[in-house]
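The lines below spell out each chain.
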Amino acid sequence: MGPDLYYALGGGLGHLTRARAVLGTLGVQARVLAPAHPESWLGLDLLPLPAGLADRPGDLGAWLARLLWEQRPARLWLDSFPCGLFGELCGIALPPGLAIHYLARLLRWDRYARRIQGTPPPLDRVHLLEPLNPDHTDWLAHQGAEPIPLRLETPDLPPPTHALARLAALPPPRWLVVHSGPAEEIRELIDYARDLAAAEGLSPTLVLIAPHALPFCDPGILRLDASPAHALYPLAERIVTACGFNTMSETLAYRHIHRFIPMARALDDQYARAAQRRDD
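Residues numbered from 1 in each chain as written. Predicted model: local features only at pLDDT ≥ 70, side-chain atom pairs only at ≥ 80, totals over all residues. Heavy atoms only, no water.

(A) Representation of the sheet that holds strand β4 (residues 75–79) in the model. Spatial strand order, β3-β2-β1-β4-β5-β6-β7: 7 strands in an open sheet with parallel pairing. Pairing within the sheet leaves two strands with one partner each, and these edge strands are β3 (45–48) and β7 (147–149). With strand direction ignored, the average angle separating the axes of adjacent strands in the sheet is 25°. In this sheet, β3 lies alongside strand β2 (residues 30–34) in parallel orientation, the contact comprising 4 bridges. Across the sheet, the residue bridging to Leu33 is Leu47, located in β3. (Pairing = 2+ DSSP bridges. Helix = DSSP H or I, 4+ residues; strand = E, 2+ residues; numbered from the N terminus. Axes fitted to C-alpha atoms, helices over the stretch in contact; angles between N-to-C directions.)

(B) Representation of the pattern of salt bridges. On inspection of all chains with the given rule, the structure shows 10 salt bridges. For Arg273, the salt bridge identified is with Asp268, shortest N-O distance 2.9 Å. Here Arg273 falls in the buried class, since its relative accessible area comes to 4%. Look at Asp268 and you get buried, because its relative accessible area is 12%. Taken together, the shared-partner salt bridges in this structure form one network comprising Arg105, Glu130, Asp268 and Arg273. (Salt bridge = Lys/Arg side-chain N within 4 Å of Asp/Glu carboxyl O. Buried < 20%, exposed > 50% of the residue type's maximum accessible area, 1.4 Å probe, protein only.)

(C) Highlighting the nonpolar core. The biggest cluster of nonpolar side chains holds 36 residues, and the ones touching the most others in it are Tyr7 and Leu33. Listing elements by their share of this core, those giving two or more residues are β1 (4–7), α2 (57–71), β4, β5 (99–104), α3 (109–112) and α4 (134–142). Per element, the largest residue contribution to this core is 6 residues, and it comes from α2. Discounting chain neighbours no more than four positions away, the residues touching Leu33 are Leu5, Tyr6, Tyr7, Ala8, Leu9, Leu47, Pro48, Leu49, Trp63, Leu64 and Leu67. (Core = buried A, V, L, I, M, F, W, Y, C linked by side-chain atoms within 4.5 Å. Contact = heavy atoms within 4.5 Å.)

(D) Broad picture of α2. Along its 15 residues, α2 runs 21 Å from first to last C-alpha, staying within 8% of the 21 Å computed at 1.5 Å per residue. Leu60, Gly61, Trp63, Leu64, Ala65, Leu67 and Leu68 are the residues of α2 that are buried. Elements that come into contact with the buried residues of α2 comprise β1, β2, β3 and β4. Just downstream of α2 lies Arg72, where phi reads positive at about 45°. (Expected span 1.5 Å × (residues − 1).)

(E) Just the pairing of β4, in detail. Of all the 5 residues making up β4, 4 are buried; the element is thus mostly covered by neighbouring parts of the structure. Examined bridge by bridge, β1 and β4 share 3 bridges and lie parallel to one another. From the neighbouring strand, Leu5 faces β4, where its bridge partner is Leu76. Where β4 lies against β5, 5 bridges are found, and the strand directions are parallel. Directly across from Arg75, in β5, lies its bridge partner Ala99.

(F) Molecular detail of the packing of aromatic side chains. One pass over the full model with this rule turns up 4 aromatic pairs. Ring geometry for Trp109 versus Trp139: centroids 5.2 Å apart, planes at 50°, classification tilted. Of this pair, Trp109 sits in helix α3 while Trp139 sits in helix α4, and the two are 30 residues apart along the sequence. Comparing Trp109 with Trp139, the two get one shared label, buried. Their ring planes at 80° and their centres at 5.6 Å tell us that Tyr233 and Tyr254 sit as a pair that is edge-to-face. With Tyr233 in the loop between β10 (222–224) and β11 (238–241) and Tyr254 in the loop between α7 (245–250) and β12 (258–260), this residue pair connects regions lying 21 residues apart in the sequence. (Phe/Tyr/Trp six-rings, centres within 6.5 Å; stacked < 30°, edge-to-face > 60°.)

(G) Local environment of unusual backbone geometry. The step from Pro172 to Pro173 runs through a cis peptide bond, and the omega angle for that step is 0°. Note that Pro173 resides in the loop between α5 (161–168) and β8 (174–178). Here the amide bond leading from Ser227 into Pro228 is cis, since omega sits at 5°, within 30 degrees of zero. Along the chain, Pro228 turns up in the loop between β10 and β11. Despite not being glycine, Arg72 shows a phi value in the positive range, around 45°. Mapped onto the elements of the fold, Arg72 is located in the loop between α2 and β4. Overall, the relative accessible area of 34% leaves Arg72 in the partly exposed class. One non-glycine residue, Ser80, lies in positive phi territory at about 75°. Here Ser80 lies in the loop between β4 and β5.

Dropping the structure here:
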């Protein structure tokens, strides 16, 4: 048997962030199969997909089946999608002895279920990262899978010392707007933060934590490119974010100063996640 393989196919870098947290929490060594990325991504053993393959779901399943037979991993870890992002794991021939571990998070199951065409892969274990929508839970029960809750630990990574020093030098109250998504969503979060400040009669120092420069001019905002962003949270009096899984997990300890807006996603159910946080 070869080393474990962690299948992290999805948009953005959230799947790599979660892979790092999952493998660290469980103490598992695995190669992470994901779209090619120019950075090493902080120690992950990346196995990049061939260029363009993620855009050809029909070829992706056949390629993945060949890879599994060649490498014979002991375990295949499926991030978020039990049949692959496009359903590419349905009906493929799997090598004998392969144990499949599924890491389950909130999905818009009605949309994802349309991608399941054919026989799903057998799930040997389901790690429940957060409460699921009922139809997702029912599907897992039909597969004979019993979810086991898994609380992820935030990875202990080197802090962004330059960003920490710049943030510490700013006058309080320091409000962080944290987002790596498109410009229109960043604008919405900034406007939301300013509305909150006005309602509370405050004039905070607004700091955007984002990997790219703003495509619009906003002289009232300081941008810091800081990874991991959660290392800056102890210096903040308010944190404003969207409702992605990783962000909501990393802000749990700061819920008393955390404010959030769910964003529309094709498969990730940020609205249900926001509702769960409000009900906690």
